[in-house]
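# A structural walkthrough
Spelled out, the chains give:
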Amino acid sequence: MRLLIIRHAIAVERGTPDIADEDRPLTRKGERRFREAARGLARIEKRPDVLLTSPLPRARQTAEIAAQAWGKLKPKKADVLAGGSFTEIAGVLDKLPRDATAAVVGHEPDVSELLAAILGSKDAAAFAFKKGGVAAVEVPGPLGQGGALLWAMPPRLLRRLGRG
């Protein structure tokens, strides 16, 4: 499986009055910047077979923007992407065909922990994602057996690709 791991774009700050953490949406700046980044992502990666997203608004909005950039794709909610363990996430992804391309949209530290676990590292901090950042991995078997990092890009580079 080819797996694209995406961190949600810039969202309203945690602790903003009258907005619970689980309700924080993307900011206008976050939406605008991720639209450019998603265009760059769509230029270098073919449309995935499935796009799974955390149910939280900031991730769902990020997934919808990515889906628009790829076209003909509808994000599917996966509750495990909002704080689920590696085992829970693997349980969902391992049900997909081995030749599938899947994209997941989630949160820190979950996405860096997912990437670290796939790469066999216990140092998730070494794989921290910027908001709107993406990594691609090749996973030849079950997620728990690991995979190889193909590339990782910060949102700034994806935006540059999206403009060109």
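Everything that follows concerns the structure shown earlier in this document.
Predicted model only: the values in this text are computed from it and were never measured.

## A short note on helix α4 (residues 110–118)
Since the α-helix advances by 3.6 residues per turn, residues separated by three or four positions end up pointing in the same direction. Burial runs high along α4: seven of the nine residues are buried. Looking only at α4, the buried set comprises D110, V111, S112, L114, L115, A116 and I118. The elements touched by buried residues of α4 are β1 (2–7), α3 (86–93), β4 (101–106), β5 (134–138) and β6 (148–153). G120 sits one or two positions beyond α4 and adopts a positive phi of about 80 degrees.

## As for the pairing of β4
Burial within β4 is extensive, with six of its six residues counted as buried. Because side chains alternate across β4, one face comprises the buried residues T101, A103 and V105, and the other comprises A102, V104 and G106, equally buried. Here six bridges tie β1 to β4, and the two strands are oriented parallel to one another. Along β4, the bridge assignment pairs R7 with G106.

## Here we look at the pairing of β1
Summarising burial for β1: five of the six residues are buried, a large majority. Where β1 lies against β5, five bridges are found, and the strand directions are antiparallel. By the bridge assignment, I5 is partnered in β5 with A135.

## Details of the packing of helix α1 (residues 28–44) against helix α2 (residues 57–70)
To characterise two packed helices, one gives the angle between the axes of the helices and the distance between these axes. For the pair α1 and α2, interaxial distance at closest approach is 8 Å and the crossing angle is 45 degrees. Taken together, the axis directions place α1 and α2 in an arrangement best described as oblique. Viewed along their axes, α1 and α2 form a crossing whose handedness is right-handed. Contact residues: α1 offers E31, F34, R35, A38, R39, L41 and A42, while α2 offers Q61, T62, I65, A66, Q68, A69 and W70. For the contact of α1 with α2, the class distribution of residues is eight nonpolar, three polar and three charged.

## A few points about empty space enclosed by the protein
Here the structure, examined in full by the defined rule, presents one cavity of 30 Å³ or more. Considering only enclosed or pocket space, the largest cavity measures out at about 30 Å³ in volume. L81, I89, V104, G106, H107, D110, V111 and L114 are the residues that line the largest cavity. For the lining of the largest cavity, the secondary structure elements donating two or more residues are β4 and α4. With three residues, α4 is the single largest residue contributor to the lining of the largest cavity. Here the residues of the lining of the largest cavity are counted per class, giving five nonpolar, two polar and one charged.

What counts as what
- Residues numbered from 1 in each chain as written.
- Predicted model: local features only at pLDDT ≥ 70, side-chain atom pairs only at ≥ 80, totals over all residues.
- Heavy atoms only, no water.
- Buried < 20%, exposed > 50% of the residue type's maximum accessible area, 1.4 Å probe, protein only.
- Helix = DSSP H or I, 4+ residues; strand = E, 2+ residues; numbered from the N terminus.
- Contact = heavy atoms within 4.5 Å.
- Pairing = 2+ DSSP bridges.
- Axes fitted to C-alpha atoms, helices over the stretch in contact; angles between N-to-C directions.
- Parallel < 35°, antiparallel > 145°, perpendicular 65-115°, else oblique.
- Left-handed = near helix turned anticlockwise from the far one by under 90°.
- Nonpolar A, V, L, I, M, F, W, Y, C, P; charged D, E, K, R; others polar.
- 1 Å grid on protein atoms, 1.4 Å probe; cavity = no way out; pocket = protein on both sides within 12 Å on 5 of 7 lines; lining within 4 Å.
- Points joined across faces, edges and corners; volume = space filled by probe spheres on them.

Any functional reading would require information beyond the geometric quantities listed.
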